[in-house]
Amino acid sequence: TPPLVAHAFGGIDNYTYTNSLEAFQLNYDLGHRVFEVDLDITHEDYTVVASHDKDSWLRFANLGHDAPYSHENYMASSLHDRYTTMDYRDIIDLMIAYPDIYIISDTKSTDHTTTLLQFSQIVTYALSTNPTVLDRFIPQIYHEDMLSWIMSVHPFKSVIYTLYMANTTVYRACDFCLESGIR
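Residues numbered from 1 in each chain as written. Predicted model: local features only at pLDDT ≥ 70, side-chain atom pairs only at ≥ 80, totals over all residues. Heavy atoms only, no water.

S.K.: What is the right way to read helix α1 (residues 21-29) from this model?
M.R.: The α-helix advances 3.6 residues per turn, and as a result positions three or four apart in sequence lie on the same side. Considered for burial, the residues of α1 that qualify are E22, A23, F24, N27 and Y28. In this structure, the buried side of α1 is in contact with β1 (34-38), β5 (83-84) and α4 (88-97). (Buried < 20%, exposed > 50% of the residue type's maximum accessible area, 1.4 Å probe, protein only. Helix = DSSP H or I, 4+ residues; strand = E, 2+ residues; numbered from the N terminus. Contact = heavy atoms within 4.5 Å.)

Okay, here's the thing in structure tokens:
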């Protein structure tokens, strides 16, 4: 098994950031078992989708800048004319179908409301289908406050504290990880 994390479900056909079903399938077949997935929230109906951001979606789906970023539009589109879009339900369903994979979330959201909305959708669906997948769902947090926010939604077993957006020092980050139990 490759000792790597497949970013955005991994590359496919020289494309990156597709977060697509086909990228997952290819990289799973190549031996990857840990996948980072970009999770964004649609602007029209506040639904979690596997997308880096609206602009990437518009570009990958060859849509004009005026296309509404809704769950329905996102799911009806194809990326680069061939790749299948996914939402949070599809990701949880993949985790059920592939019990040997781990998902690392990259929500890029740092505010309380959006964080709770995103993780609540994911956790609610997982609890209604197969709660054990949450043991293999690894949230990334971007600042210290996010840990208590996500843990208020679900007591995740593993968390990654990503420092590229954190306004902290390496020493403070290490202290926080020791204090909070982040390994």
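Okay, back to it.
S.K.: How do you make sense of the environment of D111 when you look at a structure like this?
M.R.: For D111, the location among the structural elements is in the loop between β6 (102-106) and α5 (112-129). For D111, a relative accessible area of 36% corresponds to the partly exposed category. For the pair D111 and Y142, spaced 31 residues apart in the sequence, the C-alpha separation amounts to 9.9 Å. At 2.9 Å, the side chain of D111 forms a polar contact with the side chain of T114. (Polar contact = N/O pair within 3.5 Å; in protein donor to acceptor, adjacent residues only side chain to side chain.)

S.K.: Please clarify how the pattern of salt bridges should be interpreted in this entry.
M.R.: A side chain with one charge can pair with a side chain of the opposite charge if their charged atoms come near. This model, assessed by the stated rule, comprises eight salt bridges. A salt bridge links D87 to R89, with the nearest nitrogen and oxygen atoms 2.9 Å apart. Exposure remark for D87: the relative accessible area of 3% places this residue in the buried category. Given a relative accessible area of 30%, R89 falls into the partly exposed group. Taking the shortest distance from any N to any O, the salt bridge between R172 and E144 comes out at 2.8 Å. Of this pair, R172 sits in helix α7 (residues 170-180) while E144 sits in helix α6 (residues 144-153), and the two are 28 residues apart along the sequence. Counted as one network, the salt bridges with shared partners bring together D38, D106 and K108. (Salt bridge = Lys/Arg side-chain N within 4 Å of Asp/Glu carboxyl O.)

S.K.: Is there a simple way to think about the packing of aromatic side chains in this case?
M.R.: Aromatic rings considered in pairs are described by the distance between their centres and by the relative angle of their planes. Under the definition given, this model contains 16 aromatic pairs. Arranged with centres 5.4 Å apart and planes meeting at 70°, the rings of F9 and F24 form a pair that is edge-to-face. Here F9, found in the segment before α1, pairs with F24, found in helix α1; they are 15 residues apart in sequence, far enough to count as distant. Residue F9 is classed as buried on the basis of its relative accessible area of 0%. Relative accessible area serves as the criterion here: at 0%, F24 is assigned to the buried category. With a centroid separation of 5.4 Å and 70° between ring planes, the pair formed by Y161 and F176 is classed as edge-to-face. Residue Y161 is located in strand β9 (residues 160-161), and its partner F176 is located in helix α7; the two are separated by 15 residues in the primary sequence. Taken together through their ring pairs, the aromatic side chains of F9, F24, Y28, F35 and Y98 make up a single cluster. The lysine or arginine in question, R33, covers the ring of Y28, its NZ or CZ lying 3.6 Å from the ring centre. (Phe/Tyr/Trp six-rings, centres within 6.5 Å; stacked < 30°, edge-to-face > 60°. Lys NZ or Arg CZ within 6 Å of the ring centre and 35° of its normal.)

S.K.: Explanation requested: the packing of α4 against α5 in the structure shown.
M.R.: To describe two helices that pack against each other, one gives the angle between their axes and the distance between the axes. Viewed as axis vectors pointing N to C, α4 and α5 meet at an angle of 40°, and their least axial separation amounts to 10 Å. If you check the angle between α4 and α5, you find them oblique. Considering how the two elements wind past one another, α4 and α5 form a crossing that is right-handed. Across from Y88, R89, I92, D93 and I96 in α4, the residues of α5 making contact are Q121, I122, Y125, A126 and T129. (Axes fitted to C-alpha atoms, helices over the stretch in contact; angles between N-to-C directions. Parallel < 35°, antiparallel > 145°, perpendicular 65-115°, else oblique. Left-handed = near helix turned anticlockwise from the far one by under 90°.)

S.K.: What is the right way to look at empty space enclosed by the protein in this model?
M.R.: Where empty space is left in the structure can be found by rolling a water-sized probe over the atoms. All told, the structure shown has one cavity of 30 Å³ or more when counted by the stated rule. Taken as a whole, the largest cavity spans an internal volume of roughly 40 Å³. The wall of the largest cavity is formed by Y17, T18, N19, A50, S51, H52, S56, W57, F60, Y74 and L79. No other element matches helix α2 (residues 54-60), which puts three residues into the lining of the largest cavity. Grouping the amino acids of the lining of the largest cavity by side-chain chemistry returns six nonpolar, five polar and no charged. (1 Å grid on protein atoms, 1.4 Å probe; cavity = no way out; pocket = protein on both sides within 12 Å on 5 of 7 lines; lining within 4 Å. Points joined across faces, edges and corners; volume = space filled by probe spheres on them. Nonpolar A, V, L, I, M, F, W, Y, C, P; charged D, E, K, R; others polar.)

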